[in-house]
Amino acid sequence: MRFISWNIDSLNAALTSDSARAQLSRKVLETIKGYDPDVIAIQETKLSPKGPTKKHEQYLLEWFPEYDYVWTSSREPARKGYAGNMTLYKKSYKPEVTYPAIGAPTPMDEEGRLICLEFEDFYFTQVYTPNAGNELKRLADRQVWDEKYRKYLQKLDCQKPVIATGDFNVAHRPIDLAHPENNHQSAGFTDEERQGFSNLLEAGFTDTFRALHPDLEGAYTWWAQRVKTSKINNSGWRIDYFLVSDRLLDKVVQSEMVDSGSRQDHAPIVLDIQD
């Protein structure tokens, strides 16, 4: 099976806007379609609490006619039009879908950050991990989230193997960002966030990209939009991951980044697993 994950940074903009950035986003969608994935996980959809509008549904049908989809959005008391996830899967599959609440600090469980699909032989779950925020204002809550999320994946793993993907908002090791020396204790590269990710891996999960490419440098999934030359100079971060239960690692065929052209922000990632 083939899986793709992408933080789209506004599904509405990608589907309906005529801006230059939206056009670049649609080129990325075309690239994703060309991979013919079985499952597509999309983070940061930024839809309303009611989810896709009729217009969105029309566009999704045009773009992905072979797929069903499920979604979760931010709802009160969380901010509207914030975070949110969507998972598309080929209509031949009939997974059981849940929208977990993990007991995270308020209002993280209401921000539409988790979707889980239970397939016959494994769980597929996607996450949009909370950012530690400006001046690390949310770091303490983020640490609680990391602990709760780890326990949630461990619980799933006791039942079936797990494939977990999404924007984890952390560069785990110095090799995972271009300028670690300038970003120590920046959001996404604090000692606390990195330890939280280490704790997750030590709980029985593998970072598939790093397992296949242990020493590869300059491989990133995110480049800052506010810095016009960030992608040209490849001044990026690897903060999007495919994790698998350790016992699934021998079935991993491919774990790579997907070329997103000149579009800055996140690039998609792809995982191939032997059936």
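No experiment lies behind these values; they were computed from the predicted model shown. (Residues numbered from 1 in each chain as written. Predicted model: local features only at pLDDT ≥ 70, side-chain atom pairs only at ≥ 80, totals over all residues. Heavy atoms only, no water.)

Brief notes about the environment of Tyr-35
Consideration 1: Its place among the elements puts Tyr-35 in helix α2 (residues 20–35).
Consideration 2: Residue class for Tyr-35 comes out partly exposed when judged on its relative accessible area of 24%.
Consideration 3: Setting aside chain neighbours within four positions, we find Tyr-35 in contact with Arg-2, Ile-4, Val-258 and Val-270. (Helix = DSSP H or I, 4+ residues; strand = E, 2+ residues; numbered from the N terminus. Buried < 20%, exposed > 50% of the residue type's maximum accessible area, 1.4 Å probe, protein only. Contact = heavy atoms within 4.5 Å.)

A few points about empty space enclosed by the protein
Consideration 1: If you walk through the whole model with that rule in mind, you get two cavities of 30 Å³ or more.
Consideration 2: If you trace the largest cavity, you find it lined by Thr-129, Arg-142, Trp-145, Asp-146, Tyr-149, Phe-168, Val-170, Glu-193, Gly-196, Phe-197 and Leu-200.
Consideration 3: For the lining of the largest cavity, the secondary-structure elements that each account for two or more residues are α4 (139–157) and α6 (191–202).
Consideration 4: Approximately 50 Å³ is the volume attributed to the second largest cavity. (1 Å grid on protein atoms, 1.4 Å probe; cavity = no way out; pocket = protein on both sides within 12 Å on 5 of 7 lines; lining within 4 Å. Points joined across faces, edges and corners; volume = space filled by probe spheres on them.)

Comments concerning the sheet that holds strand β8 (residues 162–167)
Consideration 1: Across the sheet, six strands lie side by side as β5-β6-β7-β8-β11-β9; this open sheet has mixed pairing. Two strands bound the open sheet, and with one partner strand each, they are β5 (96–98) and β9 (205–207). Adjacent strand axes in the sheet meet at a mean angle of 20° when their direction is disregarded.
Consideration 2: Of the pairings in the sheet, the one linking β8 to strand β11 (residues 240–245) comprises five bridges and is antiparallel in character. Among the inter-strand pairings, Asp-167 is bridged to a residue of β11, identified as Asp-240.
Consideration 3: Packing of α4 onto the sheet brings it into contact with β6 (114–118), β7 (123–128), β8, β9 and β11, and relative to β7 it is tilted by some 170°. (Pairing = 2+ DSSP bridges. Axes fitted to C-alpha atoms, helices over the stretch in contact; angles between N-to-C directions.)

Examining the UniProt feature "site: Transition state stabilizer" (unreviewed entry) in the protein chain
Consideration 1: UniProt records the feature "site: Transition state stabilizer" (unreviewed entry) at Asn-169, using the numbering of this structure.
Consideration 2: Within the secondary structure, Asn-169 sits in the loop between β8 and α5 (180–183).
Consideration 3: Side-chain polar atoms of Asn-169 contact the backbone oxygen of Thr-129, separated by 2.8 Å. (UniProt positions renumbered as here; feature names shortened; annotations may be inferred. Polar contact = N/O pair within 3.5 Å; in protein donor to acceptor, adjacent residues only side chain to side chain.)

Thoughts on the UniProt feature "site: Interaction with DNA substrate" (unreviewed entry) in the protein chain
Consideration 1: Under the present numbering, the feature "site: Interaction with DNA substrate" (unreviewed entry) in UniProt falls on His-266.
Consideration 2: Examined against the element boundaries, His-266 turns out to sit in strand β13 (residues 265–266).
Consideration 3: If sequence neighbours within four positions are ignored, His-266 has contacts with Trp-6, Asn-7, Asp-167, Thr-221, Trp-222, Ile-239, Asp-240 and Ser-260.
Consideration 4: Within the structure, His-266 has its side chain in polar contact with the side chain of Asn-7 (distance 3.5 Å).

Considering the side chain of Ser-255
Consideration 1: Mapping Ser-255 onto the fold places it in strand β12 (residues 252–257).
Consideration 2: In terms of polar contacts, Ser-255 uses its side chain to reach the backbone amide nitrogen of Phe-209, at 3.3 Å.
Consideration 3: Those residues in contact with Ser-255, other than ones at most four positions away along the chain, are Thr-208, Phe-209, Leu-212, His-213, Phe-242, Val-270 and Leu-271.

Describing helix α3 (residues 54–63)
Consideration 1: Here α3 has its buried residues at His-56, Leu-60 and Trp-63. The buried residues of α3 occupy one face: seen down the axis, they fall within an arc of 65°. Counted as exposed and oriented over 90 degrees from the buried face of α3: Lys-54 and Leu-61.
Consideration 2: Packing partners of the buried residues in α3 comprise α1 (11–16), α2, β3 (67–72) and β4 (85–90). (Arc of directions from axis to C-beta.)

Notes on the layout of surface pockets
A probe as big as a water molecule, rolled over the atoms, marks out the empty space that is left.
Consideration 1: There is about 1,100 Å³ of room inside the largest pocket.
Consideration 2: Lining the largest pocket are 35 residues; nearest its centre among them are Asn-131, Asn-134, Asn-169, Trp-222 and Arg-226.
Consideration 3: Looking at the lining of the largest pocket, its residues break down into 10 nonpolar, 16 polar and nine charged.
Consideration 4: Its residues assigned to classes, the lining of the second largest pocket shows eight nonpolar, one polar and five charged. (Nonpolar A, V, L, I, M, F, W, Y, C, P; charged D, E, K, R; others polar.)

Examining the sheet that holds β3
Consideration 1: On the basis of which strands lie adjacent, the open sheet formed by six strands has the order β3-β4-β2-β1-β14-β12 and mixed pairing. Bordering the open sheet on either side are β3 and β12, each of which pairs with just one other strand. Within this sheet the neighbouring strands show an average axis-to-axis angle of 15°, counted without direction.
Consideration 2: In the sheet, β12 pairs with strand β14 (residues 269–273) via five bridges, with the strands oriented antiparallel. Bridge pairing in β14 places Gln-254 opposite Asp-272.

Details of the state of the cysteines
Consideration 1: Counted by the stated rule, this structure contains zero disulfides.
Consideration 2: Cys-116 carries a free sulfur, and the closest cysteine sulfur to it, the one in Cys-158, is 14 Å from it.
Consideration 3: The exposure class of Cys-116 is buried, given its relative accessible area of 2%.
Consideration 4: By relative accessible area, Cys-158 is classed as exposed at 70%. (Disulfide = S-S within 2.5 Å.)

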